[in-house]
Amino acid sequence: MNQTISIENNSQTNIDIEQQEINNSQTNINVEQEMDVSTTMIEGEQSPQKKNTHAQRYREMVMLPEWMTDIPPDLNEKNWCVLARPKGTRCLVIASEGKTIARLKNGKVLKRHPSCLPNGNRKQGVSADLTIIDCILSPDKSIYYVIDVLCWNNFMFMDCPSELRFFWIRSKLAELPVLSQSTNMNPIVFTCLSPLVCSPNNFQICYFNDLGYEKDGILFYSLESFYVPGYSPLVLLWMDEKCSSRFFSEVSQNANAYTKTLEGSTLWKPEQIYSAILESTNSLSQTQQTQQ
């Protein structure tokens, strides 16, 4: 009788142990399920942040010109260059990992497409090496007008003077003529705009000549300026109603001259800028002759 009770007790103990193991297993399953759910929730919460990481990275990276409220006293070919800015949408074109993305000044995606920029399409591979160029997308979205370079095939140029940056991007695009052709791998063509040394004649070319695109003002770059995100006093913008369809002005009845821009700043007339460049150029020539 006592032996029977002992057997029954042992059986009950085994049942209790098995039940405890089942409970522990269920607890582990619940913990694992909770961990999976938590991980999923965390990934779900991070996904939008991860999606916006690239937009935040390129937000406000573009260098912007200040209005020319004062004409620099050294506005000549030794210190400045001049470029007729084309009308269109300012953007950064980024090529890496076999894809090309154009982003607006606020970092948002403007266009996605392959290109023949380094690492800009899948046929070139998926290298993480980065190329970033500063462009203006034409109104019909068929041409990128390249005006500057920030990075080329992982070589950074933001800390290089503008004269070097302009030379480099002009040389590199000349080495890749396929960029100027519209193909399946390069649906939007790239055209490099080369700033001219700031001479009186080159200013007239930018202002008066037909350059093959609609103008949106005249840009002046200091040859020593680095590529600095945000507004730079070493990059100046000037425009009037002749060279920009976006320009609105008020005409002074007494002076018969433009007196305000959209920003409320004094606007120089083209002949005043020409005269200032000419005066600075003549002064530079005299100084050079004296030093010789």
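Every value quoted in this text rests on a predicted model; they were computed, and no experiment measured them. (Residues numbered from 1 in each chain as written. Predicted model: local features only at pLDDT ≥ 70, side-chain atom pairs only at ≥ 80, totals over all residues. Heavy atoms only, no water.)

A.B. asks: Any chance you could explain the pairing of strand 11 (residues 215-222) here in plain terms?
C.D. replies: Residues in a regular strand point their side chains to alternate faces of the sheet. Here strand 11 lies mainly inside the structure; eight of its eight residues are buried. One ladder, built from six bridges, connects strand 2 (residues 80-86) with strand 11; its direction is antiparallel. Across the sheet, residue Leu83 finds its bridge partner in strand 11, namely Leu219. The pairing of strand 11 with strand 12 (residues 230-238) spans four bridges and is classified as antiparallel. Bridging across to strand 12, Ile218 finds its partner in Trp238. (Buried < 20%, exposed > 50% of the residue type's maximum accessible area, 1.4 Å probe, protein only. Helix = DSSP H or I, 4+ residues; strand = E, 2+ residues; numbered from the N terminus. Pairing = 2+ DSSP bridges.)

A.B. asks: It is not clear to me how the sheet that holds strand 10 (residues 196-197) should be interpreted in this structure. Could you clarify?
C.D. replies: Working definition: the strands of a sheet are paired by backbone hydrogen bonds and lie parallel or antiparallel to each other. One open sheet holds the five strands; their spatial order is 1-12-11-2-10, and the pairing between them is mixed. The open sheet has two free edges, formed respectively by strand 1 (63-67) and strand 10, since each of these has just one partner strand. On the sheet, helix 3 (residues 200-208) packs against strand 2, strand 10, strand 11 and strand 12 and is oriented at approximately 155° with respect to strand 11. (Contact = heavy atoms within 4.5 Å. Axes fitted to C-alpha atoms, helices over the stretch in contact; angles between N-to-C directions.)

A.B. asks: Could you clarify how one ought to interpret the side chain of Asp216 in this entry?
C.D. replies: Within the fold, Asp216 resides in strand 11. Of the residues examined, Asp216 reaches a relative accessible area of 5% and is grouped as buried. In this structure, Asp216 is in contact with Arg85, Pro86, Lys87, Leu237, Met239, Cys243, Ser244 and Arg246, ignoring residues within four places of it in sequence.

A.B. asks: What exactly am I supposed to notice about the nonpolar core here?
C.D. replies: Inside soluble globular proteins, nonpolar side chains tend to come together where they are buried. Core analysis: the biggest nonpolar cluster contains 47 residues, and Leu75, Phe220, Tyr221, Trp238 and Ile273 have the highest contact counts within it. For this core, the leading source of residues is strand 2, giving five residues. Those residues in contact with Tyr221 that sit more than four places away from it in its chain are Met63, Asn79, Trp80, Cys81, Leu83, Ile147, Asp148, Phe166, Leu234 and Val235. Judged by nonpolar contacts, the second largest core, of 20 residues, contains Val93, Ala102, Val146 and Leu173. (Core = buried A, V, L, I, M, F, W, Y, C linked by side-chain atoms within 4.5 Å.)

A.B. asks: Got a minute to help me understand the pattern of salt bridges in this structure?
C.D. replies: Pairing is possible between side chains of opposite charge, provided their charged atoms come close. Tallied over the full model, the rule gives seven salt bridges. A salt bridge links Asp148 to Arg165; the shortest N-O distance between them is 2.8 Å. With Asp148 in strand 7 (residues 143-152) and Arg165 in helix 2 (residues 162-175), this pair connects stretches of sequence that are 17 residues apart. Asp148 gets classed as buried once you look at its relative accessible area, which sits at 1%. The buried category is assigned to Arg165, whose relative accessible area is 0%. Residues Glu271 and Lys269 are paired through a salt bridge, measuring 3.3 Å at the closest nitrogen-oxygen approach. If you follow the salt bridges from partner to partner, you end up with Arg85, Asp216 and Arg246 in one network. (Salt bridge = Lys/Arg side-chain N within 4 Å of Asp/Glu carboxyl O.)

By themselves these figures say nothing about function.
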